[in-house]
Amino acid sequence: MPDPDPARHHDRDSTAVGMLQSLIVAFVLAMTFRGFVVEGFVIPTGSMAPTLLGQHMRLHSDQTGWVFPAGVDPRQRRLHLERVVDPMLGPEYPLAGVTRGEARPRMGDRILVLKNLYRFFDPQRFDVMVFKNPTDPNGPAGNYIKRLIGLPDESIWLVDGDVFAGSADRPDDFQAYEIQRKPEYIQRAVWQPVYHSDYRPVYPEGLDVYYRGAPWSGEGWLTEQRRSYRCETDEPTVLRWDERARPIDDWTAYNMLTPAADRRRYAVNDLRVAAAVVPDRDGLEMTFRLKVRGCEYEYTIGRDSAVLRMRPATDDGPASEAGWEGSGAVDIKPLPAGEPTDIEFWHVDQAMTIFINGRRVVSYEYDWRPPERLRYATGSNDDVRRLAEFNHIRPAEVSWAFEGSPVTLHRVRLDRDLYYRPDRLTDHARRKPTNTGFEDVVQTGNYALGTHPDNLAILGPDHFFMLGDNSAASSDSRLWGNPHPLAAVQIDPAPFVVHRRLLLGKAWGVYFPAPHPVTEGGKGIIPDFGRLRFIR
C-alpha cells in the first residue's frame, strides 16, 4: 500500500542527513580549534609546583589545619608516608596518622594552552609555556611546561636565586647584567608560604619532635598558642623572627616525598611579610627591618607618611643617619583605630615595596650587578668566580617594631620568592655520543648552565631559556645537556636551550584541576573545582 504522505519520509531523511552534516562540521571545527587555537595538556610532574601540580596527594594536618599537596613520583614503588611533615611547622615536624586512604594520589592538573599565539606576539619573560622537550621530543615526556626566563640574544646568569640578563654579544661584561623583575601579578602568584599565624599547632605536646614555639616573639608580645598576636603597650616594642625555629630557605613542601627533599637547602633573602594590623587608637607607627646581603633595609609607616631606605650594615645602630639611601617620604592616610589594615612589606628582585590594603604606596629599586650581589650576599670580596662556585648565602634577620598604640596583628605571614638553584650537571648532560665514543658538551666543569660565570647561558636569535618554579625538582635549561638527535638534525644542535620552532603555546588556565579517583587505582574523574584558575 503506497504511503499516503511520502513527504514525511523525505523530511526524516533530510533531518538525518542534516544532523550528520552538522556533526561532521562540528567535529572539523573542534579539531581545527584544537590544532590551531587551544589544546588541553596534562601536567605529569611537579617541576612547576606549586604553580601547577603533577601527580600528587592532597594532605591535611590535624595539628594546624593546613591543607597541602605533596608530589608523587610515578616511578616510586611505594609511598614513604613516614616522611610527611607539616609545612606550617617546618621540615622537622613529622605529621603522624597519615593513612593510605588519605594518601590516595590525584592526577595532575589539566591545562589549556593558547597555540600559535607566538606567531603574532613575541614571548614575554616569565610566561608559562608549553614546548617540545628538546632532549626527547617524541617520547613519553615529549611536551614540557616551564617558565620563560631568557630571551633571544641574551646572556643569562642566575645569581643568589634571581635572574640577571646581559647581551649575548658581551657575555663577559659582568657589569652590563641587569636584574629581571617579575610583574606584580606574577609575583603575587609565585610567593611560597613559609609561615602563617592562623595555622598554629593546637596540641604541640602531641608532636613527635619538641616544638620550639612560634618563630615570631618579642618582649611584651603574646604570640604563643595564638592565631592573633597582641601587644598591650604603646611603648616601643619589637617582634623578631627566630631563624633557629624556622629557617627561611628554599625547602619546598611539595617535594617532601621525593628525593628532592634531601637536597642541600639555600637561604632565601627575597621575602614578603604581611599582616592585618589593628591599632587600639590613632598614632601607631611601625618600622619593618631586614638585615640581608650585608645591608640594612627599613620600611617605615608613620602617622601620615611611608618611607623606604637601605644602607650597608654598620655597627652605628638604627638611630644613625650615616649611609642611608631610599625613596623619600610618601604621604599616606593614618592607620584607623579599631579597624584592620592589610600591610605588606616586599623585598624581592632587588626592590623594596610597601602595600597598604593591596595598593602599592611606595617602592625603591636598587640595581646591583652580579659581582656586587655576590659580594654583598656572601660577605666576601673574593674573586667573583669563587663566590659563584661556593654560593654561601647568609640567612636573613627579620624584625618588626611598633610604638604609639597597643596593637593586634591578625593573619601574620611570611612568604619567600622562587629560588633558581645553582645545581651541577650530571655526566649524562655533560657528554654526548659520537662515532668514536663521547665528547664534552661543556668544557668548563660541571656548573649548571647559567649558574656560573664560566658557563653562562648565551642565547642565539631563536633560543629561549626555560626554568621550572620547583627548582629543586625540575629538569630544565640548567641541566638538559645535549638535544635529541632528531631535534639536533632537524631543528638546532645547540644544547640546553629551546628553539623557537619547538614552542607550542602559552599556558592559559587550569580547566580541570587535579582530579582524584573515587576507587583505589581508578582514574581521576572528580576535579577540584575550587582550584580553577588562570596561570600566572
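Residues numbered from 1 in each chain as written. Predicted model: local features only at pLDDT ≥ 70, side-chain atom pairs only at ≥ 80, totals over all residues. Heavy atoms only, no water.

Caption draft 1: Broad picture of the pairing of strand E2 (residues 56-60). Where burial is concerned, most of E2 is hidden: four out of the five residues are buried. Bridge count for E2 against strand E3 (residues 67-71) is five bridges, and the pairing is antiparallel. Bridge pairing in E3 places methionine 57 opposite alanine 70. Counted along the chain from E2 to the antiparallel partner E3, the turn is six residues long, and its residue glycine 65 has a positive phi close to 85°. (Buried < 20%, exposed > 50% of the residue type's maximum accessible area, 1.4 Å probe, protein only. Helix = DSSP H or I, 4+ residues; strand = E, 2+ residues; numbered from the N terminus. Pairing = 2+ DSSP bridges.)

Caption draft 2: Structural detail: the pattern of salt bridges. On inspection of all chains with the given rule, the structure shows 38 salt bridges. Residue arginine 360 is joined to glutamate 184 by a salt bridge in which the shortest nitrogen-to-oxygen separation is 3.1 Å. Taken together, the residues span a long stretch of sequence, with arginine 360 in strand E23 (residues 359-365) and glutamate 184 in helix H2 (residues 184-190) at a distance of 176 residues. With a shortest N-O distance of 3.7 Å, aspartate 423 and arginine 421 are connected by a salt bridge. The residues aspartate 423 and arginine 421 share a single accessibility class, namely buried. What you see here is one network of salt bridges that share partners, running through Glu184, Arg188, Arg272, Glu344, Arg360 and Asp415. (Salt bridge = Lys/Arg side-chain N within 4 Å of Asp/Glu carboxyl O.)

Caption draft 3: Looking closely at a nonpolar patch on the surface. A grouping of Tyr511, Phe529 and Leu532 is seen on the molecular surface, where their side chains present a nonpolar patch of about 310 Å² in accessible area. Assignment of secondary structure puts phenylalanine 529 in the loop between strand E33 (524-526) and strand E34 (533-534). Judged by its relative accessible area of 55%, phenylalanine 529 is exposed. (Patch = residues over 30% accessible without salt bridge, like charges linked within 9 Å, V, L, I, M, F, W, Y side chains within 5 Å. Areas by Shrake-Rupley, 256 points an atom, 1.4 Å probe, with all protein chains shown as cover.)

Caption draft 4: Fine view of the environment of asparagine 143. The residue asparagine 143 is located in strand E6 (residues 143-150) in this model. A residue is classified by how much of its surface remains accessible, and asparagine 143, at 31% relative accessible area, is partly exposed. Distance from asparagine 143 to asparagine 133, taken between C-alpha atoms, is 5.6 Å for residues ten residues apart in sequence. Apart from the residues within four sequence positions on either side, asparagine 143 is in contact with Phe41, Val130, Phe131, Lys132 and Leu504. (Contact = heavy atoms within 4.5 Å.)

Caption draft 5: The arrangement of the side chain of glutamine 192 in detail. As for its position among the elements, glutamine 192 is in strand E10 (residues 192-196). According to the relative accessible area criterion, glutamine 192 is buried, its value standing at 7%. The residues contacting glutamine 192, other than those within four sequence positions of it, are Pro50, Asp415, Arg416, Asp417 and Leu418.

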